[in-house]
Structure formats: structure tokens, C-alpha cells
Amino acid sequence: MSYRTAHPLRSVTLDDVRGAQKMLSGVARTTALESSRHLSRTVGAPVHLKCENLQRTGSFKLRGAYVRIAGLLPEERAAGVVAASAGNHAQGVALASSLLGVHSTVFMPQGAPLPKVSATREYGAEVRLYGQVVDEALAAAEEYAARTGAVFIHPFDHPDIIAGQGTVGLEILEQCPEVGTIVVGMGGGGLAAGIAVAVKSVRPDVRIIGVQAEGAAAYPPSLAAGYPVTVGSPATMADGIRVGTPGPVPFGIVDELVDEVRTVSEDQLSAALLLCLERAKLVVEPAGASPVAALLADPGGFSGPVVSVLSGGNVDPVLLQRVLRHGMAAQGRYLAVRLRLTDRPGALATLLGVLSAADANVLDVSHIRTDPRLGLSEAEVELHLETQGPAHRTEVTVALRESGYVIID
């Protein structure tokens, strides 16, 4: 007996998803399905990117939030809604509420990226900053709901949310009727569950593969146990899928309909984000890039045509800069070195000449002259270099050593 059968929560059906699609007409965009020649060559089968990063508010979250709030009774709408989120769900709830004329209050952690806080306010929500992590903001939102009567809008654990997210699956079937595999990132599981309901009801042969970050992978142990279990202190740059416990409602659906759940590393997430930016010209957040990371990690493990769902593009510019540098390092295209040289006129110019001859692109130079570790005539230089790949990175290091420079570990 499956978890879903043993725990009879209200199920989500294809009719629910089709009803959500009608409700979202004129509200959510039918996002583009873009082919990727680079990924198609890598995987050995056609690969398409479902661009939910180009959805209104920058992610798929508007779909479920709108369906959930639109389904409230008049007295519930009058009481307003409350949510907790560090970004995408917050913006989805804020815009959906504004479109429906419902007052929304959103609790966000005090450390939430400022662009996401500003966007949530601009979409019409009353933003309250509380706690240091989403779990603390979530507790505050639930307390607010109990005290005021506002309806708590959960980010993934509700049938209406799942039905709304499932409209992504209906669009994929319309845009790529011959699809063989759909790869989708997973946090709480609402998007994967919704897509699975929509797609498996029409095409049970299509494989649905969920992807989680290694540091926040609650689904593999939960599926092994047969019920939702909690992963303590989930840690990943992909905040959109950084969830410690699967929701009971999506878990039952995932347990029954999702074929496989894979995990990806932080390096793989960084490399995938960089690939989306460079090859597809798409700005994607780490959570949205997780399906591409899975394709890169195991190119031969997918039956085509493959649709990779880019679930969101709301990435903080500061994080984007760090992740891109991380991605370049993961691909062997970034090198940071520290070395010492004689502090005399022209010494730095000579060093840069060696790097130029080795075709290394200097991104940043830090020149330190005053440090107790340095001799009177010494200086320490830290360089951040762009290289062409692992082999070229080795060539640059060899060129520095052959020129007499000692690289400090």
C-alpha cells in the first residue's frame, strides 16, 4: 500500500489541473519551450528548456498561489492571506493577492536578498522581516494566521497549489507532444507532483525525474522510509529547493508517480547555471538550474526528447557573481593564486607579462606590501584568473613556476 493510499489526503486529478489552467488564462504566461543544441549534443537526444524563469514574478510560483487564493471563500478573502518565504513564493503570493484584491502579509527572513524583498513589496504585499531563516519566518506566519484569522498559503503542501503548478505539465505536453523525459527540481515537491499528475494522466510512459541538491535532499530518505522524514539543517546555494521536509500532500503523489529522484552537487549547480547563461542566454537561479545540472552529471541517463524545467530566475546579483565564479572554477576556467615577488619597480608588470604570454585573463589583482610575514623587500600578490579549461589552468601554473615564482598554498 502506498503512502498516498494509506493517508487519504484530498487527491489532485487531471481535471483539477485542467481547471487550474482555465483559471490561470490571462494571468500566468504560457512560457517558452526553447531547444538547446549544446545540451542535445551532450545528452545525445533532443533537449528542451521550459522557461518558467520568464514567468511573471520570475518563477512558476504564481500559478499555484493564484489558484489557491482564487479558491478561497468570500469570508476567507476578506480576512486576507499570509505566507512565509525567502523569495519566489513571496512574490507569487503578493502578485496573486493583488490581482484578486486580497490583502497579503508575507514574512521574510531578515537576511532575505533585498531585490526579493523590494519586489514582494512592489507586487503589493505587506512585508514583515522576522528571524534569520525561513523556518522562523514560517512559524511567525502561522502564529499570525492563528491570531488574525488570515489564511495561511503554504508554498507546496496543498492540493490547489499542486494543481496550479501542474499546469506547467499540460503546457509541456502541448509544446512537446513526443516528450520522453521531464526533469524538474524538487524542494517540498509541489511542482514535481503537479507535473506528474498532469503528464502521467495523459502519457503514463513519460519518465518524471526529480532533482534535489545534495545538501537538502529530503526526498531520497523519505521515499526509502515510505513517509516524509526531516533532513536537519539543509544547506545549499539553491534556496528555492532548500526544504528540510517534504509536504505530506506532494509526497504521496511523488511516491506514486515520480519515477526517480536524483541529487546534484554545488559544483554541478554552479556549472549548470553558467551553462544556461552562456549557451542559452537565460538568467536562471541555482534551483532552476538543478535539472540541467542532472543532465550534465549523467548525460547518457535520459531518454529523449528531454524537457528540463527551469523553474525560476530570481537570483540575487551578489549570489550570481559568486556562483558564476564557482561555476568557472568547477569547469577549470578559474584560477586563484597567491605568490611572493621582490618589491621593486616593474615586478608586477613582469608578472603580468608572464600571464599574458600564457593567455590567462586577469580578473582581479590584490597587492599586499605590509604584512608581518613579508620581508622588507617582499610583496605578496593574489591573482584571480580566467583560464580556458583544466589543461590551460595547469599550463598557467607551470608557466609561473618556470618563471621563478613560488605559489603559496
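Okay, so let's go over this structure. Sequence order sets the numbering: in each chain, residues are counted from 1 along the sequence as written. Where totals are concerned, whole chains, interfaces and linings use all residues; where local detail is concerned, this predicted model gives features only for residues with pLDDT of at least 70, and gives and counts side-chain atom pairs only at 80 or more. The basis for every side-chain value is the complete set of non-hydrogen atoms in the structure, without hydrogens or water.

## A look at the overall build of the protein chain
No. 1: Strands are runs of DSSP state E lasting at least two residues, helices are runs of H or I lasting at least four, and both sets are numbered from the N terminus onward. Within the protein chain, the secondary structure is distributed over 17 helices and 14 strands.
No. 2: Radius of gyration: over C-alpha atoms. The globule rule applied is 2.2 Å multiplied by the number of residues raised to the 0.38 power. Relative to the globule expectation of 22 Å for 409 residues, the C-alpha radius of gyration of the protein chain, 24 Å, shows essentially globular dimensions.
No. 3: Its C-alpha atoms put the protein chain at 75 × 50 × 40 Å along the principal axes.
No. 4: Here the protein chain, with 409 residues, has 55% of them falling under the buried criterion.
No. 5: Contacts in the protein chain between residues far apart in sequence, at least 24 positions, make up 72% of those at least 6 positions apart.
No. 6: For the protein chain, the accessible area works out to roughly 17100 Å², and carbon and sulfur atoms hold 51% of it. Burial classes: relative accessible area under 20% of the type maximum marks a residue as buried, over 50% as exposed, and values in between as partly exposed (1.4 Å probe, protein chains only). Contact criterion: two residues are considered in contact whenever any of their non-hydrogen atoms come within 4.5 Å of each other. For every accessible area listed, the method is Shrake-Rupley and the probe measures 1.4 Å; residues are considered covered only by the protein chains on display.

## Describing helix α8 (residues 134-148)
No. 1: For a helix, the expected span equals 1.5 Å multiplied by the number of residues minus one. Relative to the 21 Å expected for 15 residues at 1.5 Å per residue, α8 spans 21 Å between its end C-alpha atoms, a close match to the ideal helical length.
No. 2: For α8, the complete set of buried residues consists of Ala-137, Ala-140, Ala-141, Tyr-144 and Ala-145. When α8 is viewed along its axis, its buried side chains cluster within an angular range of 140° and face the same direction. Turned more than 90 degrees away from the buried face of α8 sit Asp-135, Ala-146 and Arg-147, all of them exposed.
No. 3: Phi for Gly-149, located one or two positions after α8, is positive at around 90°. Here the arc refers to the directions that run from the helix axis out to each C-beta atom.

## Brief notes about unusual backbone geometry
No. 1: Each neighbour pair has its own omega, and for Gly-304 with Pro-305 the value is -10°, a cis peptide bond.
No. 2: Assignment of secondary structure puts Pro-305 in the loop between α14 (286-297) and β10 (306-310).
No. 3: Not every positive phi belongs to a glycine, and Thr-57 is a case in point at roughly 70°.
No. 4: Mapped onto the fold, Thr-57 is located in the loop between β2 (47-51) and α4 (61-70).

## Notes on the environment of Ala-218
No. 1: Position of Ala-218 among the secondary structure elements: in the loop between β8 (207-213) and α11 (219-225).
No. 2: Assessed through its relative accessible area of 0%, Ala-218 is described here as buried.
No. 3: Remark: the alpha-carbon pair of Ala-218 and Ala-192, spanning 26 residues in sequence, is separated by 14 Å.
No. 4: Leaving out residues up to four positions away in the same chain, Ala-218 has contacts with Gln-212, Val-229, Val-231, Val-243, Gly-244, Thr-245 and Pro-246.

## Things to note about the pattern of salt bridges
No. 1: Here a salt bridge means any side-chain nitrogen of Lys or Arg lying within 4 Å of a carboxyl oxygen belonging to Asp or Glu. Under the defined criterion, the tally for this structure stands at eleven salt bridges.
No. 2: Here Arg-262 ties to Glu-260 by a salt bridge, and the two come within 2.9 Å at their closest N and O atoms.
No. 3: Taking the relative accessible area as the measure of exposure, Arg-262 reaches 17% and is therefore buried.
No. 4: Shared partners join several salt bridges into a network, and the residues in it are Lys-50, Glu-52, Arg-63 and Glu-171.

## Section: the packing of helix α13 (residues 266-279) against α14
No. 1: Axis definition: a line fit to C-alpha positions, over the contact stretch in the case of helices; interaxial angles, taken between N-to-C directions, run 0 to 180 degrees. Look at α13 against α14: their axes get within 7 Å of each other, and the N-to-C directions meet at 100°. The angle between α13 and α14 places the two elements in the roughly perpendicular class. Within the contact between the two elements, α13 uses Gln-268, Leu-269, Ala-271, Ala-272, Leu-273, Leu-275 and Cys-276 and α14 uses Pro-286, Ala-289, Ser-290, Val-292, Ala-293, Leu-296 and Ala-297.
No. 2: Nonpolar residues are Ala, Val, Leu, Ile, Met, Phe, Trp, Tyr, Cys and Pro. Charged residues are Asp, Glu, Lys and Arg, and all others, Gly as well, are polar. Taken together, the residues of the contact of α13 with α14 break down into twelve nonpolar, two polar and no charged. Geometric relationships in this document are graded by angle, where less than 35 degrees denotes roughly parallel, more than 145 denotes roughly antiparallel, 65 to 115 denotes roughly perpendicular, and other angles denote oblique.

## A few points about the packing of aromatic side chains
No. 1: Here a Phe, Tyr or Trp ring, Trp counted by its six-membered ring, pairs with any other such ring whose centre lies within 6.5 Å, and the pair is stacked when the planes are under 30 degrees apart, edge-to-face when over 60, and tilted otherwise. In this structure the tally under the stated criterion is two aromatic pairs.
No. 2: Each ring, one from Tyr-219 and one from Phe-251, has its centre 6.0 Å from the other, and the planes form 25°; the classification is stacked. Remark: Phe-251 occurs in helix α12 (residues 248-257) and Tyr-219 occurs in helix α11; sequence separation between them is 32 residues.
No. 3: To sit over a ring, a charge needs its Lys NZ or Arg CZ within 6 Å of the ring centre and within 35 degrees of the ring normal. A cation over a ring is seen here: Arg-262 above Phe-302, with NZ or CZ 4.5 Å from the ring centre.

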